[in-house]
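Observations on the model geometry
Chain by chain, the residues run as shown.
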Amino acid sequence: MSALVRGLVAIVVLAGAAFFMGDYHNDVYRKLLLWVTLALGYNFLFGICGQVAFSHFAFYGMGAYSIVIFLFELHMPFPLAVLAGIALCALFALAVAIPSTRLEGFYLALVTLALGQLFIVVLGEGGSVTGGTGGIANYRLPEFFGMRIRGPWYTAVIVLLLVFTYAVVKRLDSSWFGRACRAVRDNPEAAAAMGVDVARTKVIAFTLTSALAGVAGMVYAFVDNTVNPPIFGIENAFLLLFMVIVGGAGRHAGAVVGAVLLFLLPFWLSPLVGHHHALVFGVLMVTAILFQPAGLIGLWDRFSRSRS
Amino acid sequence: MKRFIAVLGAVLLAGAVQAQETIKIGVITDRVGVSKPYAEPATEGMMFGANEINKKGGVLGRKIELLIEDDQSKPDVSAALARKLIDQGAVFILSVSLSPATQQQQTVTMEAKTPQMTPMNSADYLTTQLNNPYFWQTGPLGSTQIQTLLAHAKAKNLKRVALITDNSDLGQAIGKAFKGSIEKAGIQVVADEVVPLGATTATPQMQKIRGATPDAMFVAGVVTATNVLIFKSYRELGLKFPIHASYNLSVPIYETAAKGLVDGITFVDAYDPDKPEVKAFEAAYRKETGKEPVNLNGYGYDGIHLVAEAIKKAGSTDKEKVRAAMQSLTYAGVMGAKGMKYTFPEGKRTGFDPNGMVVRVYQGDKQGRVVHVGLK
Amino acid sequence: MQDFLELAVGAAASGCIYGLIALAYLLVLRPTGIINFAVGEWAMLAAFGGFLTLTRYEWPYPVGMAVVLLFLFVVGWATERVAVRPLVEKGAPILAPILALLGMLVVFRESISVSFPPDPMPVPYAFGIGRLEWGLLGGTYQSFFIIAVTLAVFIGVWYFFERTVAGKVFQAVAIHRRAAALMGINLSRVTALSFGAGGVAAGLGGLLVAPNVSAHYLMGVPLAIQGFSALVIGGVGRVEGALLGGMVLAFAEQLTVRYAPIPSGYAQGVPLLFLMIFLLVRPSGLLKAKA
């Protein structure tokens, strides 16, 4: 089957599932799909390009807040608001990425960590623009051609986002850009010697994945029709990192596995273990990494290898 | 642990059993995150209250069953849990976690037309940002707190005051409410400081406040550790102006965690230990659980009783009838000044009587007598 | 000006706390290349240890302090044994132990969260509440105590690394692990000891700051972030850098709040902005490593 057909089948299956779920499962499913989308983008940045960044959620939040502010406070037409939001995220990403090209490893991590925290401070102090610490509610997705997209149809929109993001990172990964990113990740000097513009590669990777996160944020804004600072806090950035590593960094399938597992785990644990669910979660995380440092996707590899 | 197995078992049976089923009340609390210090005692108060109601025969002949979920103070998880509870047949949802989480749950309860109440959150925006007729707030609002404090301080003729809070979401919300009311009363706010969570000292902020020479300082913060830092700096710098604090100071931990620091501080409280309902509540709580009750338990206790009363008044668990019943309910609970009743005035969904708070003062390390009641 | 002098001792004390946490990072980072974000939770464990030994059981301060620090040494050693050594022996990439330690962060925090009530727990001051005036500078007993202890620790650590044979062994491992192993140095023992020492440093920081901030389950992450910032500002090459970085961070934070003409809410963002700009301009930190 060609990639296009595979993609269409995936869309139909994933979106179709939404129509068979009740409201609660639809809600969890949507948020799960969004986390998978974020994990795919983050996996490209972290796993394939080797950049440790904690700013992914800040861009997610930037996308979410910007679409709400542009649409409902500045009353921009929808397409313009979307473009403006993407442009905003891309600009900020560039502003952070360009000076950071000289930084490696945990320095970039620290800059992006500070950025993530700064974002929350700005949100909280934003007064009537950002709704302050309570955030913004009381808005709805505008109608398109007289129709309001809601319920399982909106889940279909999220599926489209997911498939789009997957297509983008997959395409990039298999192109020369993906090879350049891996080269920069493994050995920047060797990459430079081979003619790769290291700085430009890093900047493009960071900006692109951050913009993807911003787009995901725009879609998120209409899931619960509310945005507030705690949603985009820094702990989520750590969870995202966990997802990608536990699943298997550098592998798209790994990002998916990690995101699905770690997002759903608290929902499963809470009724089972009650009060101590967070402790059990931590223990399971440590165990997962000790047991399989290359990521759980390694188990799948072994399984499929042993079968062939 | 037994309760959890009981709840789990009941949930599993929920779909199957038809006759004489329990009345399911959903509770969204925080067991591990930043709201834990107040969410946990409130939930314990709820469980105690539900037990008490069930012992007396339940509501409409049926027992109350609490379905308790932990949202970890994460608003988007919170919204998903609200849907889960509704799917499981909860007729009412009680929210005691973070205020933004309660807000996010509202988008769900509004759509699902399910009654929801926070017996505890005090952020003013919860009933104003969204026009959700199924949501009520019976926690003491930030605006009520400051107006009560100002009423008490009226005799002191304050002209210039300082305001200090922390950077938590509730601390900021209450700080805003404080500032608004203070300025409306014609008093100038000469310093407006924020102490971030995780700070190791509040001295720079207090120095700025000292430099502004205020007549008094209002503390809007709700994070105990940060408030303790503020009081420490206040003592270190040898400051003397009076301190008026939010309801966070009513939490009993200050008596041990802040020894020597709180003498003379006036604060608002929704709890009058001399009230007969309170005395009865405390005695029953001690007897049943063997633990010493705290005022935070009372919020949850009142919350579950309000829900029970509304269902009784409605005569059924039909959501529309319960909604109408709650909106027209009058109930005297544990919290609030003597004689205070929860009511929801026409078109409003905040139930805590603005006249229902008391001002108390710390004497030594102990929470002392009530020095003022209400807004007069 | 008087305000500045008044702030100076307190800011120096905060800087010392950050420096101790940064030292905890450093002691583990140099020989192993592993960033241990769980240092904040180690500090939290010491704070709760202080609550138990000093407040609840009311042991004399030196006894309680010694017990807590010993406990933290064991915790540090155990952390390495459980979460790091299996990965190193498997030859896992360097990121794996860092992730495992992040997992341990959650484990430590939640262990405390389920074992103690959520309210802040009091920890006593070393010498009680009181002020000391020293010329133009004034500060609390605790602030001076923190500064004195931190200076002693840093001098001790510096002396250890620069002047003792054992210290040279650590340096050797830090510079080149394989070469050190080839020279017969027991890598796993060095690693275990450095984790234990990191535990003690973090524990000291937690125990000394707890009387002010109280022991509570959320105190770890802010300390970990502040310590990490201090480490980066000071530079990872030299031990003194950790203390210098802590001082710079603390003074920047407090002087900004005190003197910057911006609304207080925004003042929280300034240390973050400062850190970001600093990193972009001078990522290697203030003190360069010795050649």
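The model shown is predicted, which means the values in this text are computed figures rather than measured ones.

A separate point is the overall build of chain B. Summing up its helical and strand segments, chain B has 12 helices and 14 strands in all. Computed over the C-alpha atoms, the radius of gyration of chain B is 21 Å, within 12% of the 21 Å expected from 2.2 N^0.38 for a compact globule of 376 residues. Summarising its shape, the C-alpha atoms of chain B cover approximately 70 × 40 × 40 Å along the three principal directions. A buried classification covers 64% of the 376 residues belonging to chain B. Long-range pairs, those at least 24 residues apart, make up 68% of the contacts in chain B with a sequence separation of at least 6. When the accessible surface of chain B is summed, it comes to about 12900 Å², and 55% of that surface belongs to carbon and sulfur atoms.

All right, on to the overall build of chain A then. For chain A, the helix and strand inventory stands at 14 helices and 0 strands. When the helices and strands of chain A are read in sequence order from the N terminus, they spell out α-α-α-α-α-α-α-α-α-α-α-α-α-α. A globule of 308 residues ought to have a C-alpha radius of gyration of about 19 Å, and chain A, at 20 Å, matches this closely. Along the first, second and third principal axes, the C-alpha atoms of chain A reach 50 × 45 × 45 Å. Out of the 308 residues belonging to chain A, those deemed buried represent 59%. Considering only intrachain contacts with a sequence separation of at least 6, the fraction spanning at least 24 residues in chain A is 76%. For chain A, the exposed area adds up to about 12600 Å²; of that, 70% sits on carbon and sulfur atoms. Computing the positive centroid from 18 side-chain charges and the negative centroid from 13, chain A places the two 11 Å apart.

It is worth spelling out the packing of aromatic side chains at this point. One pass over the structure, following the stated rule, counts 38 aromatic pairs over all chains. Each ring, one from A:Phe238 and one from C:Phe37, has its centre 6.3 Å from the other, and the planes form 70 degrees; the classification is edge-to-face. With A:Phe238 in helix H11 (residues 234–247) and C:Phe37 in the loop between helix H1 (2–32) and helix H2 (39–56), this pair bridges two chains. Here A:Phe238 matches C:Phe37 in class, with each residue buried. Among the aromatic residues, those joined into a cluster by ring pairs are A:Trp35, A:Phe57, A:Tyr60, A:Tyr65, A:Tyr220, A:Phe232, A:Phe263 and A:Phe267.

Residue and element names in this part refer to chain A. Two elements in contact, helix H7 (residues 152–174) and helix H8 (residues 176–186), have axes whose closest approach is 4 Å; the angle formed by their N-to-C orientations is 75 degrees. One finds that H7 runs roughly perpendicular with respect to H8. Contact residues: H7 offers Leu172, Asp173 and Ser174, while H8 offers Trp176, Phe177, Gly178, Arg179 and Arg182. Within the contact of H7 with H8, the residues separate by chemical class into 3 nonpolar, 2 polar and 3 charged.

Glancing now at empty space enclosed by the protein. Residues and elements named next belong to chain C. Counted by the stated rule, this structure contains 3 cavities of 30 Å³ or more. Roughly 40 Å³ of volume is contained in the second largest cavity. Leu27, Arg30, Pro31, Phe161, Phe170, Gln171 and Ala174 are the residues that line the second largest cavity. Of all the secondary structure elements, the ones that give two or more residues to the lining of the second largest cavity are H1 and helix H6 (165–175). Class assignment of the residues belonging to the lining of the second largest cavity gives a composition of 5 nonpolar, 1 polar and 1 charged.

All names here are of chain A. Given a rise of 1.5 Å per residue, 23 residues ought to cover 33 Å, and the 33 Å separating the end C-alpha atoms of H7 matches this to within 8%. Every buried residue of H7 is accounted for by Tyr154, Thr155, Ala156, Ile158, Val159, Leu161, Leu162, Val163, Thr165, Val169, Leu172 and Asp173. If you follow the buried residues of H7, they end up packed against helix H1 (3–18), helix H2 (23–48), H8, helix H10 (198–220) and helix H12 (252–273).

Among the nonpolar cores identified, the biggest contains 318 residues, and A:Phe232, B:Ile25, B:Leu66, B:Met217, B:Phe218 and B:Phe231 are the most heavily contacted of them. Among the elements that line this core, the one with the most residues is H1(C), at 16 residues. When we break this core down by domain, the ones giving at least three residues each are domain 1 (2–232) and domain 2 (234–308) of chain A. With sequence-adjacent residues up to four places away left out, B:Phe218 is seen in contact with B:Ile146, B:Leu149, B:Leu150, B:Leu158, B:Val161, B:Ala162, B:Leu163, B:Ile164, B:Phe178, B:Ile182 and B:His244. A:Phe44, A:Ile48, A:Leu172 and A:Ala205 belong to the second largest nonpolar core, which has 9 residues in total.

Moving on to the state of the cysteines. Residue and element names in this part refer to chain A. Considering all chains together, one arrives at 0 disulfides over all chains under this definition. Left unpaired, Cys89 is separated from the closest cysteine sulfur, that of Cys49, by 18 Å. The class of Cys89 is buried, set by a relative accessible area of 0%.

Before going further, it helps to examine the interface of chain B and chain A. Contacts between the two partners involve 28 residues from chain B, matched on the other side by 27 residues from chain A. Taken together, both faces of the contact between chain B and chain A bury some 2600 Å²; the carbon and sulfur share is 55%. Ranking the residues of chain B by area buried against chain A places B:Asp76, B:Arg83 and B:Gln129 at the top, with a combined share of 20%. In this assembly, chain B and chain A are joined by 2 salt bridges. Broken down by secondary-structure element, the contributors of at least two residues to the side of chain B that touches chain A are helix H3 (75–87), helix H4 (99–112) and helix H6 (169–184) of chain B. Top element by residues in the side of chain B that touches chain A is H3(B). It accounts for 9 residues. Class assignment for the residues of the side of chain B that touches chain A results in 12 nonpolar, 7 polar and 9 charged.

Our next topic: the confidence of the model for chain B. Here chain B averages 90 in pLDDT, and 95% of its residues register 70 or above. Here the prediction assigns the complex a pTM of 0.88, and the interface score ipTM is 0.88.

To continue, consider the sheet that holds strand E7 (residues 188–195) of chain B. Residues and elements named next belong to chain B. Spatial ordering of the open sheet is given by E7-E6-E8-E9-E10-E13-E14, a layout of 7 strands whose pairing is mixed. Strands at the two margins of the open sheet, each flanked by one partner only, are E7 and strand E14 (366–373). Strand-to-strand twist in this sheet, taken as the mean axis angle between neighbours without regard to direction, amounts to 25 degrees. Judged from the 5 bridges that link them, strand E13 (residues 358–363) and E14 form a sheet pairing that is antiparallel. Directly across from Arg360, in E14, lies its bridge partner Val370. Seen against the sheet, helix H7 (residues 203–211) touches strand E6 (160–166), E7 and strand E8 (216–219) and runs at an angle of roughly 175 degrees to E7.

Within a sheet, neighbouring strands are paired by backbone hydrogen bonds and run either parallel or antiparallel to one another. Residues and elements named next belong to chain B. As summarised here, the arrangement of the 5 strands in space is E2-E1-E3-E4-E5, forming an open sheet in which the pairing is parallel. Each having just a single partner strand, strand E2 (64–70) and strand E5 (135–137) make up the two edges of the open sheet. Taken pair by pair, the neighbouring strands of this sheet meet at an average axis angle of 20 degrees, ignoring direction. Where strand E3 (residues 92–95) meets strand E4 (residues 116–118), 2 bridges bridge the pair, whose relative direction is parallel. Bridging from a neighbouring strand, Leu94 pairs with Met117 of E4. Helix-sheet contacts for H4 involve strand E1 (23–29), E3, E4 and E5, and the interaxial angle to E4 is about 165 degrees.

Take helix H4 (residues 95–115) of chain C next. Across its 21 residues, H4(C) extends 30 Å between first and last C-alpha, which sits within 8% of the 30 Å expected from 1.5 Å per residue. Of all 21 residues in H4(C), 16 are buried, a share of seventy percent or more.

Residue and element names in this part refer to chain A. Taken domain by domain, chain A consists of domain 1 (2–232) and domain 2 (234–308). Just the C-alpha atoms count here: the centres of domain 1 and domain 2 sit 21 Å apart. Overall, the association of domain 1 and domain 2 removes approximately 2100 Å² of surface from exposure, summing both partners, and the carbon and sulfur fraction of that is 81%. Of all residues in domain 1, Trp35, Asn43 and Phe54 give up the largest surface area on contact with domain 2, accounting jointly for 28% of the area buried on that side. Applying the counting rule to domain 1 against domain 2 returns 0 salt bridges. The tally of links from domain 1 across to domain 2 stands at 4 residue pairs in polar contact (both at pLDDT 80 or more). Those elements that provide at least two residues to the side of domain 1 that touches domain 2 are H2, helix H3 (56–72), helix H5 (106–125) and H7. Counting residues per element, the side of domain 1 that touches domain 2 draws most heavily on H2, which supplies 14 residues.

Now for the side chain of B:Gln105. Residue and element names in this part refer to chain B. Take Gln105: it is sitting in helix H4. Within the structure, the side chain of Gln105 is placed 2.7 Å from the side chain of Ser95, a separation counted as a polar contact. Ignoring any residue separated from it by four or fewer positions in sequence, one finds Gln105 in contact with Ile28, Asp71, Ser78, Ala79, Ala82, Ile93, Ser95 and Gln116.

Turning our attention to the interface of chain A and chain C. Counting residues at the interface gives 32 residues for chain A, matched by 38 residues for chain C. Summing both partners gives a buried area of about 3300 Å² for chain A against chain C, and 83% of it is carried by carbon and sulfur. Interface area lost by chain A to chain C is led by A:Phe106, A:Leu110 and A:Leu290, which between them contribute 18%. Counting the contacts that link chain A with chain C gives 2 residue pairs in polar contact (both at pLDDT 80 or more). Counting residues per element, the ones that place at least two in the side of chain A that touches chain C are helix H4 (78–100), H5, H11 and helix H13 (277–291) of chain A. Of all the elements, H5(A) adds the most residues to the side of chain A that touches chain C, at 11 residues.

So, how was this worked out
Residues numbered from 1 in each chain as written. Chains lettered and ligands numbered in written order. Predicted model: local features only at pLDDT ≥ 70, side-chain atom pairs only at ≥ 80, totals over all residues. Heavy atoms only, no water. Helix = DSSP H or I, 4+ residues; strand = E, 2+ residues; numbered from the N terminus. Rg over C-alpha atoms; globule rule 2.2 N^0.38 Å. Buried < 20%, exposed > 50% of the residue type's maximum accessible area, 1.4 Å probe, protein only. Contact = heavy atoms within 4.5 Å. Areas by Shrake-Rupley, 256 points an atom, 1.4 Å probe, with all protein chains shown as cover. Lys, Arg positive; Asp, Glu negative; His and termini not counted. Charge placed at Lys NZ, Arg CZ, Asp CG, Glu CD. Phe/Tyr/Trp six-rings, centres within 6.5 Å; stacked < 30°, edge-to-face > 60°. Axes fitted to C-alpha atoms, helices over the stretch in contact; angles between N-to-C directions. Parallel < 35°, antiparallel > 145°, perpendicular 65-115°, else oblique. Nonpolar A, V, L, I, M, F, W, Y, C, P; charged D, E, K, R; others polar. 1 Å grid on protein atoms, 1.4 Å probe; cavity = no way out; pocket = protein on both sides within 12 Å on 5 of 7 lines; lining within 4 Å. Points joined across faces, edges and corners; volume = space filled by probe spheres on them. Expected span 1.5 Å × (residues − 1). Core = buried A, V, L, I, M, F, W, Y, C linked by side-chain atoms within 4.5 Å. Domains from an automatic or database assignment. Disulfide = S-S within 2.5 Å. Buried area = accessible area lost by both parts, 1.4 Å probe. Salt bridge = Lys/Arg side-chain N within 4 Å of Asp/Glu carboxyl O. pLDDT = per-residue confidence, 0-100. Pairing = 2+ DSSP bridges. Polar contact = N/O pair within 3.5 Å; in protein donor to acceptor, adjacent residues only side chain to side chain.

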